[in-house]
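Geometric and topological summary
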Amino acid sequence: LFKLIKNGLVPVPGSGDYTPSVCWIENLIDGALVAAEKGAKGSVFNISEELITLNDLTAALAGFLKVKPVFIRVPKALLGPAIFLLDNFLAALGLAAPGLNFLADYGSFKEAVSSWSHDTSKLRALGWKPALPTREAFAETVRKSRSAPR
């Protein structure tokens, strides 16, 4: 997603009003540590940050990256078959598109363009909270990527 936004052209499946599940790696690790240290043996915990639509997520990233990409709305009904055809075409040439292959399966595609919401109350009851909210975590990721050696 970062690369697409940096390059200035972002295909957005459907309306973009769905909420993908995102979690900054440090929040994920903190949550896993709290669950391991304080959670009852055998318990299952969800680790997630606040809900953010794909539209808001891509707009925030574009702002942090200081770019104004073109967002291309692609109807979901066309995207699935297009990815399937591209995947088969590339496979016939002996090539692969790892970022797209999983979307050639309808179930995976439908999952990728659906809203996700995770109840984190059980983990929060143990004292966990995200070190950084989603938007701040993405801003921090952009900041770190700019200062990373190339």
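Because the structure is a prediction, the values reported are computed rather than measured.

A look at the overall build of the protein chain
Scanning the protein chain from N- to C-terminus turns up 8 helices and 2 strands. Listing the helices and strands of the protein chain from first to last along the sequence gives α-β-α-α-β-α-α-α-α-α. If one aligns the C-alpha atoms of the protein chain with their principal axes, the spans along those axes are about 50 × 35 × 30 Å. In the protein chain, the proportion of contacts linking residues at least 24 apart, taken out of those at least 6 apart, comes to 83%. Split by element, the accessible area of the protein chain, about 9,400 Å² in all, is 63% carbon and sulfur. If you average the places of the 17 positive and of the 13 negative side-chain charges in the protein chain, the two averages end up 5 Å apart.

A short note on a positive patch on the surface
A contiguous patch of positive charge, built from Lys3, Lys6, Lys66 and Arg146, is present on the exposed surface. The residue Arg146 is located in helix α8 (residues 134-147) in this model. The exposure class assigned to Arg146 is partly exposed, which follows from its relative accessible area of 44%.

Let's talk about the packing of aromatic side chains
Scanning the entire structure with this criterion turns up 1 aromatic pair. On the numbers, 6.2 Å between centres and 35° between planes, the contact of Phe2 with Phe138 is tilted. Linking Phe2 in helix α1 (residues 2-7) with Phe138 in helix α8, this pair joins segments that are 136 residues apart in sequence. Residue class for Phe2 comes out partly exposed when judged on its relative accessible area of 24%. A relative accessible area of 17% places Phe138 in the buried class. Residue placement shows Lys122 over the ring face of Phe45; its charged tip is 5.0 Å from the ring centre.

Some remarks on empty space enclosed by the protein
The full count for this structure, using the stated rule, is 1 cavity of 30 Å³ or more. What the largest cavity holds in volume is close to 50 Å³. Looking at side-chain class alone, the lining of the largest cavity contains 5 nonpolar, 4 polar and 2 charged residues.

Looking at the nonpolar core
Core analysis: the largest hydrophobic core is formed by 14 residues, its most contacted members being Ile5, Val22, Leu54, Leu57, Leu61 and Phe138. Among the secondary structure elements, those contributing two or more residues to this core are β1 (9-13), α3 (54-65) and α8. Among all residues touching Phe138, those that are not within four sequence positions of it are Phe2, Val22, Leu57, Leu61 and Phe64. By size, the runner-up hydrophobic cluster in this structure holds 6 residues, among which are Val34, Ala35, Phe45 and Trp128.

About the thresholds
Position numbers for residues count from 1 along each chain, tracking the sequence in the order it is written. Given that the model is predicted, a residue must reach a pLDDT of at least 70 before its local features are reported, and side-chain atom pairs must reach 80 or more before they are shown or counted; all residues, however, enter totals for whole chains, interfaces and linings. For the side-chain quantities, the full set of heavy atoms in the structure was used; hydrogens and water were omitted. Under the scheme used here, helices are H or I runs from DSSP no shorter than 4 residues and strands are E runs no shorter than 2 residues, and both carry numbers assigned from the N terminus. In this analysis, two residues are considered to be in contact whenever any of their non-hydrogen atoms come within 4.5 Å of each other. The method behind every accessible area is Shrake-Rupley, applied with a 1.4 Å probe, and residues are considered shielded solely by the protein chains displayed. His residues and chain termini do not enter the charge count, which takes Lys and Arg as positive and Asp and Glu as negative. Here the site of a charge means NZ on Lys, CZ on Arg, CG on Asp, or CD on Glu. Here, patches come from residues exposed beyond 30% relative accessible area and free of salt bridges, joined within 9 Å for like charges and within 5 Å for nonpolar side chains (Val, Leu, Ile, Met, Phe, Trp, Tyr). Here, a salt bridge means any side-chain nitrogen of Lys or Arg that lies within 4 Å of a carboxyl oxygen of Asp or Glu. Accessible area is worked out with a 1.4 Å probe on protein chains only. A residue is then buried under 20% of its type maximum, exposed over 50%, and partly exposed in between. For Phe, Tyr and Trp, rings pair up if their centres lie within 6.5 Å, where Trp contributes its six-membered ring, and each pair is then called stacked (planes under 30 degrees apart), edge-to-face (over 60) or tilted (otherwise). Lysine and arginine charges are scored as sitting over a ring when NZ or CZ, respectively, is within 6 Å of the ring centre and within 35 degrees of the ring normal. A cavity here means a set of 1 Å grid points, computed over protein atoms only, where a 1.4 Å probe fits but cannot escape. A pocket is an open set with protein on both sides within 12 Å along at least 5 of 7 lines, and lining residues have an atom within 4 Å of a point. Grid points are joined across faces, edges and corners, and a volume is the space filled by probe spheres set on the points. Residues are sorted three ways: Asp, Glu, Lys and Arg are charged, Ala, Val, Leu, Ile, Met, Phe, Trp, Tyr, Cys and Pro are nonpolar, and all the rest, Gly among them, are polar. What we call a nonpolar core is a set of buried Ala, Val, Leu, Ile, Met, Phe, Trp, Tyr and Cys residues that are connected through their side-chain atoms within 4.5 Å.

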